[in-house]
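Structural characterization, general
Single-letter residue listing:
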Amino acid sequence: MKLSSQEVEYVAHLARLEITDKEKDKLTAQLNDILLYIDKLNELDTKGVEPMSHAIAVTNAFREDNIVDSIGTEKSLANAPDARGEFFRVPKVID
Amino acid sequence: MDFEAVIGLEVHAQLLTDTKIFCGCSTKFGAAPNSHTCQICLGMPGVLPVLNKKVVEFAMKMALATNCEINKSCSFARKNYFYPDLPKGYQISQYAYPLAEHGYVILDVDGKQKKIGITRIHMEEDAGKLIHDEHNPVSYIDLNRTGVPLIEIVSEPDMRSSEEAADYLKRLHEILVYLEICDGNMEEGSFRCDANVSIRPKGQKEFGTRAELKNMNSFRNVQRALEYEIKRQQYIVENGGTVVQETRLWDDAQGSTTSMRSKEEAHDYRYFPDPDLVPILVDKAWGEKIRKQIPELPLAKRERFVKDYQIPAYDAGVLTADKALADYYEKVVRLCAQPKAASNWVMGDVLRFLNEEKREIKSCPITPVALAEMISLIDEGTISGKMAKDIVEEMYKTGKQPKKIIEEKGLVQITDEGELIKTITSIMEANPNQLTDYRGGKEKLFGFFVGQVMKATQGKANPQLVNELLKKMLTG
Amino acid sequence: MELHQLTIHELQEKIKEGKTSAEQIAESVFQRIDAVEKRVHSYIRLMKDEAMAVADKADKDIKKGDIKALTGIPIALKDIVCTKGISTTCGSHILHNFVPPYDATVVEKLRDAGAVFVGKANMDEFAMGSSTETSYFGPTRNPWDLERIPGGSSGGSATAVAADECIASIGSDTGGSIRQPAALCGIVGLKPTYGRVSRFGLVAFASSLDQIGPFTKDVEDCAIMMNVLAGYDPRESTSVRAEIPDYRQFVGHDIKGWKVGIPKEYFVEGIDPEVNSAIQKTITVLEKSGAKIVEISLPHTQYCLAVYYIIAPAEASSNLARYDGVKYGFRSPDSGDLLDMYKKTRMQGFGAEVKRRIMIGTYALSAGYYDAYYKKASQVRSLIKRDFEEAWKKCDVILTPTTPTPAFKIGEKTDNPLQMYLSDVFTISSNLAGIPGISVPCGFTSDGLPIGVQFLAGHFEEGKLIQIASAYEKNAKIEKRRPKL
C-alpha cells in the first residue's frame, strides 16, 4: 500500500507547499516510510491504552478574566510584510 | 408527494467576558483595527494559550440552562486550515471531547410545546475580520476579533419548519441574554446562525441530502432563507433532480440562496488534541456553584407570571422578552399588588415612551416605585385613569413622583358628591335646550353633559360618580 | 587562564572577591569571539552593544553588593527563544527578519538573574535536524574538528560553550537536540522534565516534546543554570507546579548504593567501539564510586522511532502553519493571488528538511488517518512511558551512551542504518516519556573527539542527575582539554 502521486499533491496542497516534480518523487518515497512506521506500531495491541497527550497530568490550567495591556497597533504591524494603515494586507483569494 | 423539511441549526455566540479566551486582550467591540491584539492572539512564534476561566463558567451556564449534561472531562483540539483571518493557521476548538452534550430547548409554537434537542455545546476562539477591497485585488485584515470566545451550540435536526427554526433561535437568544453571557446582537455578529436543511417525503426515516446555509444576519433572514431553500429543494426533487450537498449563501438583496461552489468544499481539518492545552475537569461542586448563579429563565418566568399574576400568555411574553423589563414589572406589582393594571401600564404607556426614544428600561425616568404609586392612587380613587394618562407622561418627562405632580398641578380627583351635584346643577341650568332634548329622548346628549362636567372640573371629576349622578339628575 | 575559559562558579568567586568585573569578563568573551567565530560560526547574531551595556550596569550592581545568580555572566541563547527587540530567526529564511515584541519567560528569568546576553546561537532550521547543517545562515563547525558537525539542532549553543565564546548557553531539546550536541562538543547538556522549564517564548517544533535546557562547562554550572530556569509559569498551560529544589545542593555528594540501570535494548550492535569503551570505563568509575549496576529492560524501545516520527512531524506541521507570509517574516516577492502567495512563501521560506517533516506530519493527520496514525502513536507512547515507570522500581537512574558515534564530517550523513537508529533512540525515548536527561563528557576518541554519557531519571528528578553527574565528573577525572582553535 503506497501513496500515489496524486495523494502527495493533495498533501502538499493541504500544507500550502509548492513542490517540484523532482521533490515530489523524493517526498513520495519519504511519505511511504511512514507506512513502515505504522506497520511497526500495528504489531502492538493497544486496546484500552489511553493515548498519552502530556508527559505530566496537568488539568484545569486557567487564567482570570483580567485585561492585560495589548501591544498596540504599531507593534502588531511592525513585522508585517505588507501593512496598509492599521491593517495587514494580503492578495485576494481568487476563486 | 408530501415533503417535510428537516432543519438543524448551528449557533455561534460571542461571550461577554472582558478578555479573550486565550489571552488578556480586551473583547470590546469597535476598537481601532489591530489595537486589541498581542503576541498571543496574533499567533506570533513561541506563544502559548491559557484558558480564561470565565469562558468555561459562561459556557457551563448555557449548558445547564439548556438541560445539557456537562462532561466530567473535556479538552481542546486544533482545527487546521489556512486563511488570512486565522493567524495560527489553526483554530483552537473542541472536537471529540466537548464541554456539554444532550440538552434541549422547549418551543411554544402556536400553543403547542415541542422539544428541540441540543447535540452539543463547545468552546472555541473566533477568527479575525477580512475586508475585501472593491477596486484592487487585495484584502485587509483586522485581528481584533481573533481569540474572542465563542460557544457553538449545535441542535439536533429536530425542526420541521422555518417557524420552528425561528422560534428555536429566539429561545436560544433570550436564554443567552438572560444569562448575561452574550448580548445577542446578530447585526454586530455576536450571535450567528448557520442552518442545515434537507427535505424528505413525509414518513421517510432517512434524511435527504442537506445543504448548509450561511450569511443570514437576522432572525427574519434565517426564516426567509429557510423558506426559500425548502422551496428550492422541493422544486428540484419534484422535477426529478437530486439535491447537491453544498454550502449556499443567503443573498438578502436577491432573496435567494446561491451555491458557494468553492474548490475547498471538503475541508480536511486534521483535528488532533491541542498539545498546548490541558483537559478541563468539571466536578459536581463546580457544576452546582454555577447552577446556583443561573437566574429564573424566560420559559419558567413566563409560566409563573401567567399563574401568579393571572395575566394572559401574550402579556407574559411581552413582559419577559427582556429580563430587565420583567424585573421592573415585578417590582411594580410587589408595591401596588395590581398585576393586571401594572401589566397594562408597563406594556402600554411605559414601553411606548421608551420605544419612541429607543431607550432601555434601565434608564426609564419612571421608577417602579413611582409607577406603583400611581397605580395605587388610581385604585384609591384619588385620580382617574384618564388623569393618570397625563400624569404618567409628566412622570416620564420629568422623573417626578406622581404625588408631587398632582400637588403641583392640583390634579386631585373630585369625588365629593355635594360638589359635583352643585356643578351638574349649574350645567343643567346653563343648558336648558339640551336638557329638554335629552329628556325628550335624545340619549346621545348624555355624552355632551359628561363633557361639560369634565370641562367645568378640568377633567378632575370622578367619571363613575359623574355617570351615576348625571343619570339620576338628568332624568329628574 | 583567560576569563572566557572559566566556569560560572569560578567567575562568581572572582567577582565576589573583587578580582574581576563584568566588563572585563564580557570583553574577554568578545575578544575570543573575534578570534574564533569566523571559523566556528556559533552565532547568527551577536549582541555586543547590548552586552556591554548590561555588563556596565552589572558592575554598578556588584559595587552595591547586589550580586544575583548570573550577574555579569555572558550567556548565549539559541535563536529559537524570543528576545524582545532582537531578531529571532530559528535558523530559517522565513523568519530571517522577525523581531519579537516580547521576551520568552526563560529570557526574562536569565535577565532578572543578571545574565549578559552575548548573542543568538545558530541552529538547525526550526530545530529539525541533528547537525546544524540545515540553518539558513550556514552550518556551525565542531571546535574539536572544524570539518565535523557539532551536532544539532542546538549546535551553535553547544559550540559557543565548547569554544569559550560564552560561559554557558541555552538550547532546546525535542528528540535530543541538547544532549547530542553536548556529547559531540564535550560539554554538559541537560534536558529537563517536560513542564519543568517554561516553553513560553520558545518557538514551537513539537509542543508535547519540546523543552529548554542549559549547556555548561561543568555539572555545578548546570545546577546554577537550572536554579534560574526552572519554575512554574502561568503563561504556559502545560507548565507544572512542582517544588524547585536548590539544584546546587546535589553537587559534590556521593552515590554509594545507587542503582544504575543499563537498558539491554540500548547496548546493541552499532555503537562505535571507542564510544563503547568509554562507556564501559564510565560504568567502572560508577561502580568504584559505590554504585551498583543493574540490567533493566525497556521493552518498547524498538517502537520509539515510529512513535516519534509520527507525533513530532504531526505537531510540527500544525505549529508551522502560522508561517504564511501574512503577519510577519518572509513573503515571496513573486506571488500572485493568495493561494499562490501561501505556496511560494512557504516553498521559498522553508528548507528541504522542514518541508519534508511538514509533509509527513500533514499526511499523518489527514482525513481518515488520525486514529490509525497519531492516536495509535500516542497510545504506544503511553507504553513507552510505562517502561520507564517500571524501570524506576529497579534502579535510581539509567545510563546510556548519548550518541553511538563521535561527530561525523559535515555533509556526510551516516549510511549505517543501525547507527542512524541508535542515534535517535538513545535520546528520543526520554522526550517521549517526558523524563529528564543529562549528557556529561566521558572521554575522547583517539582522534580527540569528545564522547558523552547520558543519565536519565524520573519526572522532576533533575537533582538525581546533577548528583550522579557531579560524582562521576569528580571521580572520573576526565582530562580537561580545550579544542585547538
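Residues numbered from 1 in each chain as written. Chains lettered and ligands numbered in written order. Predicted model: local features only at pLDDT ≥ 70, side-chain atom pairs only at ≥ 80, totals over all residues. Heavy atoms only, no water.

Moving on: the overall build of chain B. Tallying secondary structure elements over chain B gives 15 helices and 17 strands in all. Since a compact globule built from 476 residues should have a radius of gyration of about 23 Å, the 30 Å found for chain B marks it as more spread out than a globular shape. A principal-axis box enclosing the C-alpha atoms of chain B has dimensions of 95 × 55 × 55 Å. Looking at chain B as a whole, 54% of its 476 residues qualify as buried. With the model as given, the accessible surface of chain B reaches about 22,300 Å², and the carbon-plus-sulfur share is 50%. Charge separation in chain B, taken as the distance between the mean sites of 63 positive and 69 negative side-chain charges, equals 2 Å. (Helix = DSSP H or I, 4+ residues; strand = E, 2+ residues; numbered from the N terminus. Rg over C-alpha atoms; globule rule 2.2 N^0.38 Å. Buried < 20%, exposed > 50% of the residue type's maximum accessible area, 1.4 Å probe, protein only. Areas by Shrake-Rupley, 256 points an atom, 1.4 Å probe, with all protein chains shown as cover. Lys, Arg positive; Asp, Glu negative; His and termini not counted. Charge placed at Lys NZ, Arg CZ, Asp CG, Glu CD.)

Take the interface of chain B and chain A next. The interface of chain B with chain A comprises 50 residues on the first partner and 32 residues on the second. Both faces combined, the contact of chain B with chain A buries some 3,500 Å², and carbon together with sulfur accounts for 59% of it. Applying the counting criterion to the chain B and chain A interface returns zero salt bridges. Per-class residue counts for the side of chain B that touches chain A are 27 nonpolar, 13 polar and 10 charged. Relative to strand β10 (residues 138–142) of chain B, strand β3 (residues 87–91) of chain A runs antiparallel, the two sharing four bridges. Within the sheet, the bridge partner assigned to F88(A) lies in β10(B) and is I141(B). (Contact = heavy atoms within 4.5 Å. Buried area = accessible area lost by both parts, 1.4 Å probe. Salt bridge = Lys/Arg side-chain N within 4 Å of Asp/Glu carboxyl O. Nonpolar A, V, L, I, M, F, W, Y, C, P; charged D, E, K, R; others polar. Pairing = 2+ DSSP bridges.)

Evaluated as defined, the whole model comprises four cavities of 30 Å³ or more. Looking at the largest cavity, its volume works out to about 120 Å³. What lines the largest cavity is a set of 16 residues, among which F22(B), I40(B), P49(B), K88(B) and E125(B) lie closest to the centre. Taken together, the residues that form the lining of the largest cavity break down as nine nonpolar, two polar and five charged. Considered as a void within the structure, the second largest cavity measures approximately 50 Å³ in volume. Lining the second largest cavity are 13 residues, and of these L14(A), F82(B), R270(B), S317(C) and A321(C) lie nearest its centre. (1 Å grid on protein atoms, 1.4 Å probe; cavity = no way out; pocket = protein on both sides within 12 Å on 5 of 7 lines; lining within 4 Å. Points joined across faces, edges and corners; volume = space filled by probe spheres on them.)

Right, let's talk about the packing of aromatic side chains for a bit. The relation between two aromatic rings is expressed through the spacing of the ring centres and the mutual angle of the planes. All told, the structure shown has 32 aromatic pairs over all chains when counted by the stated rule. Seen in terms of ring centroids, F82(B) and Y342(C) are 5.6 Å apart; in terms of plane orientation they differ by 55 degrees. Their pairing is tilted. Of this pair, F82(B) sits in the loop between β5 (77–80) and β6 (90–93) while Y342(C) sits in helix α10 (residues 338–349), placing the two residues on different chains. The two residues F82(B) and Y342(C) agree in class, both being buried. (Phe/Tyr/Trp six-rings, centres within 6.5 Å; stacked < 30°, edge-to-face > 60°.)

Time to look at the sheet that holds strand β12 (residues 191–201) of chain B. Residue and element names in this part refer to chain B. Read across the open sheet, the nine strands follow the order β3-β7-β8-β11-β1-β12-β13-β14-β15; overall the sheet is mixed. Lying at the two open borders of the sheet, with one neighbouring strand each, are β3 (69–70) and β15 (256–259). As paired strands, strand β8 (residues 112–125) and strand β11 (residues 149–155) are joined by seven bridges and run antiparallel to one another. Residue pairing across strands places H122 opposite E152, the latter belonging to β11. Helix-sheet contacts for helix α1 (residues 53–65) involve β3, β7 (100–109), β8 and β11, and the interaxial angle to β8 is about 165 degrees. (Axes fitted to C-alpha atoms, helices over the stretch in contact; angles between N-to-C directions.)

Turning our attention to the packing of helix α13 (residues 432–439) of chain B against helix α15 (residues 463–475) of chain B. All names here are of chain B. Where α13 contacts α15, the axes come no closer than 10 Å and their chain directions differ by 85 degrees. Taken as axis vectors, α13 and α15 run roughly perpendicular relative to one another. Counted together, L435, Y438 and R439 of α13 and M473, L474 and T475 of α15 form the full contact between these two elements. Residue classes in the contact of α13 with α15 are distributed as four nonpolar, one polar and one charged. (Parallel < 35°, antiparallel > 145°, perpendicular 65-115°, else oblique.)

The next thing to look at is the side chain of R32(C). All names here are of chain C. Along the chain, R32 falls in helix α2 (residues 22–40). Buried within the structure, R32 lacks any salt-bridge partner; its nearest side chain of opposite charge belongs to D164, at an N-O separation of 4.6 Å. Dropping the residues within four chain positions of it, R32 is found in contact with H4, E37, A163, D164, E165 and L485.

According to the domain assignment, chain B consists of domain 1 (3–289), domain 2 (296–409) and domain 3 (417–475). Domain 1 of chain B and domain 3 of chain B are separated by 67 Å when their C-alpha centres are compared. (Domains from an automatic or database assignment.)

Spatially, three strands are ordered β6-β5-β16 (chain B) in an open sheet, and the strand pairing comes out antiparallel. A strand with exactly one partner marks an edge of an open sheet, and here the two such strands are β6 and β16 (272–273) of chain B. With two bridges joining them, β5(B) and β16(B) adopt antiparallel strand pairing. Across the sheet, A77(B) pairs through a bridge with P273(B), a residue of β16(B). Running at roughly 60 degrees to β5(B), helix α9 (residues 304–319) of chain C makes contact with β5, β6 and β16 of chain B of the sheet.

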